[in-house]
Amino acid sequence: MWRTAAIAVLGAVALSAQAPQRPTPQSPPRDTRPSRPVPPAGIAPINGVIRGQVVTDRTDAPVPIAKARVAVTGATSEVEPVFTDSRGRFEFSLPAGHYTISAEKTGFAATRYGAATLFDPLVPIELQSGATEEIEIRMPKGAAIFGRIIDDLGDPVVGARVSAGVVWMEGLNRRFQPVSKTPAVTDDLGEYRIGGLPPGRYLLNVAAPSAFAVTITSFDLDAPPARRIGWGKTFYPSGSSSAGATPIDLATGEEHGGVDVTLVPFRPARLSVSISGGATPAPGTMINTTLRFIPASEPDSESAAPGQGLGFNSLSVANIPSPPVNIDPGDWIVVARRNAMAAIAHISLSSGDEASLVLPLQPGARLTGRVLFEGSTRHPPPTSVQIDVIGAGPDVGVSPLLLAPGGPFVARPDGTFEITGVIGTVELAVADPMGWAVKNIKAGDRDLLGAPLAFSGTELFEGLELVLTDQVADLSGSVVNSVPGCKVAVFPAADDAAFNGRRMRLTSPDNRGQFFIADLPPGAYLAVARPDIHPADWTMPLVLNRLRESATAFSIASREKKTLTLDCQSAR
Amino acid sequence: MKKPLCVLAFTVLAAAGSLSGQQPPVPTSPLRPVARDTREPNASPAGVIRGRILTALGRPAARASVRIVGLAGGEDSATTDVDGRYEVSGLKPGLYRVTASKPGFFPLDFGQKRAFERGTPLVLADGQTLANIDITLPMAGAITGRISDENGDPIEGLMVMALQSRFSGGRRQLLPVTQIEPRPTDDRGMYRLFGIPPGSYIIIASPSNRPLLLPGKNHVGYVPTYFPGSAMPSDAQAVTMGLSQTITGVDFVEVLAKSARVSGAAFDSNNRPLGGTVALATTDRWGGLSVTMTTTVQSDGSFQFLRAPPGEYAVQAIGPRPPDLRGEGEFSATIISVNGQDLDGVELRTSAGSRLAGRLILEGDSRGVNFKDAVMVLAPMEIAKAPANDMFLHRWRADNDGTFHMTGLTGLRRLRLLSGPPSWTIKSVKADGVDVTDEVLSFGTRAESIADLEVVLTNRAATLTGTVSDDRGGRVLDYTVVVFAIDARRWYPQSRFVKFARPTPDGTFQVTNLPAGDYYVAAVDWMQGDDLSGEWQDPEFLETLSRGASRISLDEAQRAAATPQLIVR
């Protein structure tokens, strides 16, 4: 309790801003934008029908599932979900368009039509006016993982939050993505149960109960660290990193028990932070320096927050080490800001560590350039172009307020823009103004759009060109010999391709085998259709190299509407 | 560990020599955490409280949380070590309450014998060490069960909660028990509620954010269901939990009911669309009223509730409070019955209510006492005719000259002093010259307005002190004493004629602020309740107590003594 007093005394400033949401794995970055069929003028559109049956996922004798809740997304106005009848049948009457259908029922794993694994992209169903689409949804019986969480003394841990999930790779950056937004919470016996899981391979992550998951840091000269105990995030069977975790393989409907985890308490680490650089303050003046400590890597679904921070005033000569901070072991991102200068550092701390960190203040990277509109239609004013700087790579999830507090940056009426004060690893994101799409952000012959950029805070990029176009290049095509779970992957042909969310795309063909990828930057690419591509890790260099072997090469020019035909089976 | 030398000069204060010469140079900076509120500025308090926490299983309660709360203010805490031992030092003299808690067990005060009661405070002298302040934590109870649909198939994701019937806010209500966390049903339809203290509980399962609906014009869906399987609170059966019990098999079927639309129009006393809200409030078997759904009245006066589960409701329309915030919003209510059929055309016309003007008089030595120290409320006595939501009730203080006025009053009300200057209590209430002390006042029409409500407060109240003995004449140190008027008409909720007290560590009690009158005095071994609500508000409880109570007559400002005999429940 007195620690809260300490923080109050220090005048902590809590950031209320949230980092922009990362796309959830269910929706791939920059999802496909299939065009809607436009009915001929003068004819009132007639609804089509999507209907079908929900059955158990058994190849020999699938059994219809009654009272399954079937929901449809993609309609302009909300459509009420329906329940299947005693024969497992359902029916929706909908206007022409593209829809996705999902089904759920207690005891079964929630299933989306066409998706084979939990994180597969949605398979759209193209519905035309007056047409009827008949589909089948196969729901596997839900598997369950259950066990007991105890502490190192053998007592049950009550209120621990347990999640099953997969490790999601973005290039080489790994993050643990839980299956569900809400973790299972252990009861008074320390027991938990996660049910309704589709078959697959999972990791289990345990976070301490909120009372003990203290990530508060404090300036504390003489409170013994042993007074506080806490438990960090632990992966089954033990350890704080997903890299060493034992995966759990679940068959359909399997009851997998005994997944017990012992939480071992840690002792806080003590970190000394010293700040260098910046003007020496005149004696007697107050300088506001803020230090923020952000938990890094493997955040669970709750921690998109920018982390807790402490602010303190100091009369200091700037380069003296601060009093040590009690901080929980783990991976941390530390950001210091003083006036217009900033510094960022990453540190990994283990239980009981004594460490020190030097943060050299820098003015922040500066990027200047102009907005160009390529196109024949009338373009919006440059002031409608807004550039957001969002955390990427190791700094994903860090608030833009910390990485680029001057943002978002709006272009000036004369078309020029200036991005200042950027530190850390960021991505430049531009919202598409109506009718236009961002083609690229050129820095010489480098395209900065969609690519993570690491700034130490001293860089200067001049002469950037942010190009907007009213004609985008699209890739569409069809997949022949499609099997359930077939996915189309498109990625740059170049061997050294670092992760780029715009140029690495994964999509599913719809119920007719058609696929569509909108707004692909010009360049040379490879495309492949296979059922064994896993959304969670396909952008890893190792996986891409394997996919290269069976891929089709193509190149796309600006404004080109390219079509391709891919064969799913022969890619085996 | 080497203490870092803090060369950093933190504030001007550090240089100003606030440190006494003998001490080592420790910087006084705003960064130093305030260690304990209980520390005297210039003394070095040395009081110590220590002990051991065990669990009822006989094992030490490691990493248990121990809170030491000073009754005069201030709080400290400790965590037990591997052996369950704790120690808190640096305490200044005073009265303290020690509470231990550990998840999975029942939190307990030192000296606590019954659920929902407080334990015995400890007296800590200057520099004293109190050792062996040990507490054994009982295992908390648990309730498990399975919730299925009408075919026997499990339902996942229902939120299961434990409710209790409590006397609160002047009436009995079914309220969630805060110590018991709501838990969801899992994929087998099973749930486990834990951390349950002994008592009687109503179990309810509610569909959470995504209601499960079936198609059709009148939606059929799962509605909050009470064990053993009804949507009506009046059919709910309590599950009785003993100490550290696990009750299994609390299974039931979630009710599938046709919910219906309730719609209509609400207009104010000027025939304009009501700029307020309409609430559906439902009664439970104990006469309490709780709000189920609320909606805003549209600009044309219409309102609607979609999917009202079956049941009997009070539909209450409440207008906005007057602009000067002196009073309550216009009000109107009607009772409806919903049973799966849409109910349209519910018409509500709110009335402006009655006005009231009055003044506060302080009789007796009122030095240092301000009119503004008293907070008053006209507490509703009849449930369905006043806003079910306490938020809409007007609470006021008199102005600097002692006067007050308000508008918008409806229903049967009784004047109550919510809080006042210490030891002041209501002596009399006169409405336009007529004595209405302790009477219920009726409001609603203009004719029922009161032009002059004279409220006289006095600090010449009686005090009753004493001790309690058992049937063998021995002194009892742990009890609750209830002092209540012999006249049963004075047993209304929050009555000034019903008071209770717990003993000090040496076993004496003191009940203050008693108006003159004839009283029962009863001492019981335990009683559920706190200052705001509890059994002491329940007329049935008082009736039982009266049979074993002694009697006393109190005059104004009398200091009387009594030694009631303990009633064991």
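Residues numbered from 1 in each chain as written. Chains lettered and ligands numbered in written order. Predicted model: local features only at pLDDT ≥ 70, side-chain atom pairs only at ≥ 80, totals over all residues. Heavy atoms only, no water.

Enquirer: Looking at this structure, I do not really get the overall build of chain A. What am I missing?
Expert: Along chain A, the regular secondary structure elements total three helices and 42 strands. By the burial criterion, 51% of the 572 residues in chain A qualify as buried. A fraction of 75% describes how many contacts in chain A between residues 6 or more apart in sequence connect residues 24 or more apart. Split by element, the accessible area of chain A, about 24,200 Å² in all, is 54% carbon and sulfur. (Helix = DSSP H or I, 4+ residues; strand = E, 2+ residues; numbered from the N terminus. Buried < 20%, exposed > 50% of the residue type's maximum accessible area, 1.4 Å probe, protein only. Contact = heavy atoms within 4.5 Å. Areas by Shrake-Rupley, 256 points an atom, 1.4 Å probe, with all protein chains shown as cover.)

Enquirer: Sorry if this is basic, but what is going on with the nonpolar core here?
Expert: In summary, soluble globular proteins display a tendency toward joint burial of nonpolar side chains. I419(A), V422(A) and L466(A) are the most contacted members of the largest nonpolar core, which has 36 residues in total. With four residues, the top contributor of residues to this core is strand β27 (residues 365–374) of chain A. The next biggest cluster of nonpolar side chains, apart from the first, holds 24 residues, and it includes L362(B), A374(B), L417(B) and V429(B). (Core = buried A, V, L, I, M, F, W, Y, C linked by side-chain atoms within 4.5 Å.)

Enquirer: What is the right way to read the pairing of strand β14 (residues 200–207) of chain A from this model?
Expert: Each regular strand carries side chains that alternate between the two faces of the sheet. All names here are of chain A. Of all eight residues that make up β14, six are buried, and the element is covered over most of its length. Strand direction decides the pairing type here: β14 and strand β17 (residues 248–250), joined by three bridges, are antiparallel. Bridge pairing in β17 places R201 opposite D249. Here β14 runs beside strand β16 (residues 234–235); their pairing, made up of two bridges, is antiparallel. Note that in β16 the partner of N205 across the bridge is F235. (Pairing = 2+ DSSP bridges.)

Enquirer: Got a minute to help me understand the side chain of T55(B) in this structure?
Expert: Considering the arrangement of structural elements, one finds T55(B) in strand β1 (residues 47–55). Apart from the residues within four sequence positions on either side, T55(B) is in contact with P60(B), A61(B), F105(B), T136(B) and L137(B).

Enquirer: Help me understand the sheet that holds strand β4 (residues 89–94) of chain A in this model?
Expert: Strand pairing within a sheet occurs via backbone hydrogen bonds; the two strands may be parallel or antiparallel. Residue and element names in this part refer to chain A. Spatial strand order, β4-β1-β8: three strands in an open sheet with mixed pairing. Taken across any chain shown, the strands that pair with only one partner, and hence form the sheet edges, are β4 and β8 (132–139). The mean angle between the axes of side-by-side strands here comes to 20 degrees, regardless of whether they run parallel or antiparallel. Relative to β4, strand β1 (residues 48–56) is paired through six bridges, and the arrangement is antiparallel. Residue V49 lies in a different strand from β4, and its bridge partner there is S93. (Axes fitted to C-alpha atoms, helices over the stretch in contact; angles between N-to-C directions.)

Enquirer: Can you walk me through the environment of L357(A) in this structure?
Expert: Residue and element names in this part refer to chain A. Residue position: L357 is located in strand β26 (residues 354–360). Separated by 84 residues in sequence, L357 and V273 have C-alpha atoms that sit 4.8 Å apart. Excluding its chain neighbours within four sequence positions, the residues that come into contact with L357 are L271, S272, V273, S274, V334, A345 and I347.

Enquirer: In this structure, what is going on with the state of the cysteines? I would like to understand it.
Expert: Should the sulfur atoms of two cysteines be covalently bonded, the bond is a disulfide. All names here are of chain A. Following the criterion strictly, the structure yields one disulfide over all chains and no others. Here C486 pairs with C568 through a disulfide, and the sulfurs are 2.2 Å apart. On the sign convention where negative is left-handed, the bridge of C486 and C568, at about 120 degrees about the S-S bond, is right-handed. Of the two residues, C486 is situated in the loop between β36 (474–480) and β37 (487–492) and C568 in the segment after β42 (561–567); the sequence distance between them amounts to 82 residues. Each of the two residues, C486 as well as C568, counts as buried. (Disulfide = S-S within 2.5 Å.)

Enquirer: Can you help me understand the environment of V123(B) in this one?
Expert: All names here are of chain B. Looking at the element boundaries, V123 is found in strand β7 (residues 122–124). Its relative accessible area of 48% is what places V123 among the partly exposed residues. Sequence separation of V123 and R97 is 26 residues, and the distance between their C-alpha atoms is 9.1 Å.

Enquirer: Would you mind going over the pattern of salt bridges with me for this structure?
Expert: When the charged atoms of two side chains with opposite charge come close together, those side chains can pair. As enumerated under the stated definition, the model contains 47 salt bridges over all chains in all. Linking E465(A) and K442(A) is a salt bridge whose minimum nitrogen-to-oxygen distance equals 4.0 Å. In this pair, E465(A) sits in strand β35 (residues 460–469) while K442(A) sits in strand β32 (residues 437–443), placing the two residues 23 residues apart along the sequence. R188(B) serves as the salt-bridge partner of D186(B), at 2.9 Å between the closest nitrogen and oxygen. One network of salt bridges, with partners in common, ties together R193(A), E255(A), D186(B), D187(B) and R188(B). (Salt bridge = Lys/Arg side-chain N within 4 Å of Asp/Glu carboxyl O.)

Enquirer: How do you make sense of the sheet that holds strand β41 (residues 552–556) of chain A when you look at a structure like this?
Expert: Residues and elements named next belong to chain A. A sheet is described by the order of its strands in space; here four strands give the open sequence β38-β37-β40-β41, paired in antiparallel fashion. The open sheet terminates on both sides in strands that have one partner only, identified here as β38 (505–507) and β41. Each neighbouring strand pair of the sheet contributes to a mean axis angle of 25 degrees, computed without reference to strand direction. Of the strand pairs in this sheet, β37 and β38 are connected by three bridges, and their pairing is antiparallel. Bridging across to β38, A489 finds its partner in L506.

Enquirer: Is there a simple way to think about helix α2 (residues 539–546) of chain B in this case?
Expert: Because each turn of an α-helix spans 3.6 residues, side chains separated by three or four positions end up pointing in the same direction. Residues and elements named next belong to chain B. If you check which residues of α2 are buried, you get F541, L542, L545 and S546. Down the axis, α2 shows its buried residues gathered within 140 degrees of arc, on one side only. Packing partners of the buried residues in α2 comprise β42 (480–485), β43 (498–501), β45 (517–524) and β48 (566–567). (Arc of directions from axis to C-beta.)

Enquirer: Which parts of the structure should I look at to understand unusual backbone geometry?
Expert: Note on backbone geometry: most residues besides glycine have negative phi, and most peptide bonds are trans. A cis amide bond links Y236(A) with the next residue in sequence, P237(A), at an omega value of 0 degrees. Within the fold, P237(A) resides in the loop between β16 and β17. Each neighbour pair has its own omega, and for G407(A) with P408(A) the value is -10 degrees, a cis peptide bond. Along the polypeptide, P408(A) turns up in the loop between α2 (400–403) and β29 (409–410). One non-glycine residue, N271(B), adopts positive backbone phi at about 65 degrees. Secondary-structure assignment places N271(B) in the loop between β23 (260–267) and β24 (277–283).

Enquirer: Teacher, can you tell me more about the packing of aromatic side chains here?
Expert: Describing an aromatic ring pair means giving the distance of the ring centres and the angle of the ring planes. Under the counting rule described, the total for this entry stands at 13 aromatic pairs over all chains. By the ring-pair criterion, three or more aromatic residues cluster together here, those being F484(B), W491(B) and Y520(B). K141(A) extends its terminal NZ or CZ atom over the ring of F108(A), reaching a point 5.2 Å from the ring centre. The ring centre of F497(B) lies 4.1 Å from the NZ or CZ of R490(B), which sits over that ring. (Phe/Tyr/Trp six-rings, centres within 6.5 Å; stacked < 30°, edge-to-face > 60°. Lys NZ or Arg CZ within 6 Å of the ring centre and 35° of its normal.)

Enquirer: Would you mind going over the side chain of D268(B) with me for this structure?
Expert: All names here are of chain B. Here D268 is to be found in the loop between β23 and β24. R272 is the oppositely charged side chain nearest to the buried, salt-bridge-free D268, at an N-O distance of 4.5 Å. Reaching out from D268, the side chain makes a polar contact with the backbone nitrogen of N270 at a distance of 2.8 Å. With near-sequence residues (within four places) excluded, D268 lies in contact with P273, L274, E330, R349 and T350. (Lys, Arg positive; Asp, Glu negative; His and termini not counted. Polar contact = N/O pair within 3.5 Å; in protein donor to acceptor, adjacent residues only side chain to side chain.)

Enquirer: Whenever I open this one, the confidence of the model for chain B confuses me. Can you help?
Expert: Any region with low pLDDT has predicted coordinates that should not be read closely. All names here are of chain B. Of the residues in chain B, 86% reach a pLDDT of 70 or more, and the chain-wide mean stands at 82. The secondary-structure element of chain B with the lowest mean pLDDT is helix α1 (residues 12–15), recorded at 29, while strand β10 (residues 141–148) shows the highest, at 95. Scored below 50 in pLDDT, residues 1–40 makes 59 contacts in the model with residues more than four places away or belonging to other chains. The low-confidence segment residues 210–218, where pLDDT is below 50, has 24 contacts with residues more than four positions distant or belonging to other chains. The ipTM value of the predicted complex is 0.71, and its pTM value is 0.70. (pLDDT = per-residue confidence, 0-100.)

Enquirer: Help me out: how do you make sense of the confidence of the model for chain A in this one?
Expert: Residue and element names in this part refer to chain A. Across chain A, pLDDT averages 78, with 79% of residues at or above 70. Across chain A, the element-wise mean pLDDT spans from 32 in helix α1 (residues 2–10) up to 97 in strand β18 (residues 255–256). Low pLDDT, under 50, characterises residues 213–227; the predicted model gives this stretch 49 contacts beyond four residues in sequence or across chains.

Enquirer: For this particular structure, what's the right way to read helix α3 (residues 541–548) of chain A?
Expert: Residues and elements named next belong to chain A. Where α3 is concerned, the buried positions are V543, L544, L547 and R548. For α3, the arc enclosing every buried residue in end-on projection is 145 degrees, short of the 170-degree limit, so these residues lie on one face. Among the structural elements, β37 and β40 (523–530) are those in contact with the buried residues of α3.

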